[in-house]
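Structure at a glance
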Amino acid sequence: MPETPLLELRDVRTGYGPIEVLKGISLEVREGEIVTMIGANGAGKTTTLMTVSGLVPLRTGAVLYRGESLAGIPPHKIVEMGVCQIPEGRRIFPRLTVLENLEMGGFIRKDRAGIADDMEKSFHRFPVLRERQAQLGGTLSGGEQQMLAIARALMARPRLLLLDEPSLGLAPLIVSKVFEILREVNKDGVTLLLVEQHAKLALKTAHRGYVLETGRITMSDAASALLADPRVQDAYLGS
Ligand SMILES: Nc1ncnc2c1ncn2[C@@H]1O[C@H](COP(=O)(O)OP(=O)(O)OP(=O)(O)O)[C@@H](O)[C@H]1O
Ligand SMILES: [Mg+2]
């Protein structure tokens, strides 16, 4: 028997009002993996993550986390179960300090000592956040805000981290830094589902990938195989 995937979507359909956006998505993410979903604007990548997080209700199909259905479970419970989403555009709390943002990330936890420990780990991983812990989140640079968004999510001790376009709007040097951190986070045992328009970088980072086209998965393979596939190269890698 193969082990139960950490996350599994089975023929998921959902949308907004009369419009169906996801037209039967099936995918799985195994514990320890980095899985990426690439696709053009409007394909339904964000909608997929929001459906897992419980922010967009599932219409038909199933979302299973550790074999358990997430249908109808409120978003904050899903966070407590170990699934944490970093939304597109990072949405840290702009009027809270860096330190307060990190504290908010740990708010679902009761273990004070563990929280203090993880705060120290965040500062170790992101020295810039230690330097700027008293600064308001909204005044950080884009790259610093992305670091804060990742650090804040990690404060919830997620088992599965959902990332929506972490490279968006960042300078290339900062993007490499962010992806390097994501690899480290994964090595520390956090499973990642990474949605990205920067397909090349995403496929270089991930173990496996899915291609989403207007609400349907059209390809899935090892990330290296997708990188080498002429159809992926033509459509997403600009070569
Ligand atoms: N709240 C909403 N109400 C109505 N339609 C929506 C809503 N959010 C998204 N959509 C529509 O659903 C489709 C998929 O959007 P989604 O944000 O999931 O795409 P995406 O793949 O993340 O795109 P991008 O790469 O631009 O972020 C789009 O046609 C979008 O207009
Ligand atoms: Mg999106």
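As a reminder, the structure under discussion sits directly above these lines.
Below is a short write-up of the structure.

We now examine the overall build of the chain. Summing up its helical and strand segments, the chain has ten helices and ten strands in all. Compactness check: the chain gives a C-alpha radius of gyration of 17 Å against a globular reference of 18 Å for 239 residues, within 12% of the reference. Projected onto the principal axes, the alpha-carbon positions of the chain cover approximately 45 × 40 × 40 Å. Classification of the 239 residues of the chain by burial places 49% in the buried group.

Another point: the pairing of strand S4 (residues 60–65). The pairing of strand S1 (residues 7–16) with S4 spans five bridges and is classified as antiparallel. Considered in S4, the bridge of Leu7 is made with Tyr65. The turn joining S4 and strand S5 (residues 68–69), which pair antiparallel and follow one another in sequence, is formed by two residues; a positive phi near 50 degrees is taken by Arg66.

Turning to the coordination of the magnesium ion (ligand 2), a few remarks are in order. Octahedral six-donor coordination of a metal ideally yields angles of 90 or 180 degrees, compared with 109.5 degrees for tetrahedral four-donor coordination. The coordination sphere of the magnesium ion (ligand 2) contains the protein donors Thr46 (OG1) and Glu88 (OE), at a distance range of 2.0 to 2.6 Å. Of this pair, Thr46 sits in helix H1 (residues 45–53) while Glu88 is found in the loop between strand S6 (83–86) and helix H3 (98–105), placing the two residues 42 residues apart along the sequence. Assessed through its relative accessible area of 25%, Thr46 is described here as partly exposed. Relative accessible area serves as the criterion here: at 31%, Glu88 is assigned to the partly exposed category.

Near ligand 1 you find 13 residues, and of these Asn41, Gly42, Lys45, Thr46 and Thr47 are the closest. At 2.7 Å from an oxygen atom of ligand 1 is found a side-chain nitrogen or oxygen belonging to Asn41. In this structure, an oxygen atom belonging to ligand 1 sits 3.2 Å away from a main-chain N or O atom of Ala43. Within the complex, 57% of the 630 Å² of free accessible area of ligand 1 lies under protein. Examining the composition of the shell around ligand 1, we find that three residues originate from one element, H1, more than from any other. Here the residues of the shell around ligand 1 are counted per class, giving four nonpolar, six polar and three charged.

At a minimum axis separation of 7 Å, H3 and helix H6 (residues 142–154) run at an interaxial angle of 35 degrees. The handedness of the crossing between H3 and H6 is right-handed. In this structure, H3 uses Val98, Asn101, Leu102 and Gly105 to contact H6, whose residues at the interface are Leu148, Ala151 and Arg152. Partitioning the contact of H3 with H6 into residue classes produces four nonpolar, two polar and one charged.

In this section: unusual backbone geometry. Of note, Asp11 is a non-glycine position whose phi angle comes to about 45 degrees, a positive value. Its location among the elements puts Asp11 in strand S1. Its identity is not glycine, yet Arg157 carries a phi of approximately 50 degrees, on the positive side. Position of Arg157 relative to the elements: it lies in the loop between H6 and strand S7 (160–164).

Here the focus is helix H4 (residues 112–125). In an α-helix, one turn spans 3.6 residues; hence positions three or four apart end up facing the same way. Compared with the 20 Å implied by 1.5 Å per residue over 14 residues, the 20 Å span of H4 between its first and last C-alpha is a close match. All buried positions along H4 are accounted for by Gly114, Ile115, Asp118, Met119, Ser122 and Phe123. On its buried face, H4 sits against H3, helix H5 (127–131) and H6.

Reading across from one edge, S2-S1-S4-S5 is the order of the four strands in this open sheet, with antiparallel pairing throughout. Two strands bound the open sheet, and with one partner strand each, they are strand S2 (19–29) and S5. Inspection of the sheet shows S4 paired to S5 by two bridges, in the antiparallel sense. Looking at the pairing, Tyr65 lines up with Glu68 of S5.

Formed by 44 residues in total, the largest nonpolar core has its most connected members in Leu102, Leu161, Leu192 and Val232. Examining the composition of this core, we find that seven residues originate from one element, H6, more than from any other.

The rules behind the values
- Residues numbered from 1 in each chain as written.
- Chains lettered and ligands numbered in written order.
- Predicted model: local features only at pLDDT ≥ 70, side-chain atom pairs only at ≥ 80, totals over all residues.
- Heavy atoms only, no water.
- Helix = DSSP H or I, 4+ residues; strand = E, 2+ residues; numbered from the N terminus.
- Rg over C-alpha atoms; globule rule 2.2 N^0.38 Å.
- Buried < 20%, exposed > 50% of the residue type's maximum accessible area, 1.4 Å probe, protein only.
- Pairing = 2+ DSSP bridges.
- Donors = N, O, S within 2.8 Å, 3.2 Å for Na, K, Ca; no water.
- Near = heavy atom within 4 Å.
- Polar contact = N/O pair within 3.5 Å; in protein donor to acceptor, adjacent residues only side chain to side chain.
- Areas by Shrake-Rupley, 256 points an atom, 1.4 Å probe, with all protein chains shown as cover.
- Nonpolar A, V, L, I, M, F, W, Y, C, P; charged D, E, K, R; others polar.
- Axes fitted to C-alpha atoms, helices over the stretch in contact; angles between N-to-C directions.
- Left-handed = near helix turned anticlockwise from the far one by under 90°.
- Contact = heavy atoms within 4.5 Å.
- Expected span 1.5 Å × (residues − 1).
- Core = buried A, V, L, I, M, F, W, Y, C linked by side-chain atoms within 4.5 Å.

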